[in-house]
Amino acid sequence: FLITQQQAFVIAKSIIPDIELRGMKISDQLSDYKKLTKLPPNCWYISYSAVPIQYLSCSNGSSIFLCVSKEDGKVVYHHAV
């Protein structure tokens, strides 16, 4: 069975407890992130800001990507771009 989007969110939240305050986006389409062709396939792709939204003006605006495998729920990638 495959990991659902909701399960991927729960996994992400266990790693970044305030992720919903950080402008989180979740998708299973790599085409949503054209510059990120090196991300592993068959994942939920979760992007979020390095800082909570209210502090975005103080940050460099880079996104952090977290990729959760759809097959086993393992985090296969977690890095700023």
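Per chain, residues are indexed from 1 in the order of the written sequence. For a predicted model such as this one, the threshold for reporting local features is a pLDDT of at least 70, and the threshold for listing and counting side-chain atom pairs is 80 or more; totals across whole chains, interfaces and linings nevertheless cover every residue. The side-chain values count all of the structure's non-hydrogen atoms but skip hydrogen atoms and water molecules.

## Some points on the overall build of the protein chain
Point 1. A run of H or I in DSSP becomes a helix once it reaches four residues, and a run of E becomes a strand once it reaches two; helices and strands are each numbered from the N terminus. Check the secondary structure of the protein chain and you find one helix and four strands.
Point 2. Along the chain direction, N to C, the helices and strands of the protein chain fall in the order α-β-β-β-β.
Point 3. With 81 residues in all, the protein chain has 33% of them scored as buried.
Point 4. A contact between two residues is defined here by any heavy atoms of the two lying within 4.5 Å. Put simply, of all contacts in the protein chain between residues at least 6 apart along the chain, 46% involve residues at least 24 apart.
Point 5. All accessible-area figures derive from a Shrake-Rupley calculation using a 1.4 Å probe, and residue coverage is judged against the displayed protein chains alone. Here the protein chain has roughly 5000 Å² of accessible surface; of this, 58% comes from carbon and sulfur atoms. Using a 1.4 Å probe on the protein chains alone, a residue whose accessible area is under 20% of its type maximum counts as buried, one over 50% counts as exposed, and one in between counts as partly exposed.

## Quick word on the pairing of strand β3 (residues 63-69)
Point 1. Of all seven residues in β3, six are buried; the element is thus mostly enclosed.
Point 2. Examined bridge by bridge, strand β2 (residues 43-49) and β3 share seven bridges and lie antiparallel to one another. Bridge pairing links W44 to V68 in β3.
Point 3. What makes two strands pair is DSSP finding at least two bridges between them. Alignment of β3 against strand β4 (residues 75-80), held across five bridges, turns out to be antiparallel. Looking at the pairing, V68 lines up with V75 of β4.
Point 4. Hairpin remark: β3 followed by β4, antiparallel, with five residues in the connecting loop; positive phi at G73, about 75°.

## Notes on the state of the cysteines
When the sulfur atoms of two cysteines share a covalent bond, that bond is a disulfide.
Point 1. When two cysteine sulfur atoms are found within 2.5 Å, that pair is recorded as a disulfide. All told, the structure shown has zero disulfides when counted by the stated rule.
Point 2. C43 takes part in no disulfide bond, and the closest cysteine sulfur to it belongs to C67, at a distance of 5.2 Å.
Point 3. Accessibility expressed as a relative area gives 1% for C43, which makes it buried.

## Structural notes on the sheet that holds β2
Point 1. Strand order across the open sheet formed by four strands is β1-β2-β3-β4, with antiparallel pairing between neighbours. Looking at which strands have only one partner, the edges of the open sheet turn out to be β1 (25-27) and β4. The mean inter-strand angle of the sheet, taken between neighbouring strand axes irrespective of direction, is 15°. In this description, a line fitted to the C-alpha atoms serves as the axis of each element, helices being fitted only across the stretch in contact, and the angle between N-to-C directions of two axes falls anywhere from 0 to 180 degrees.

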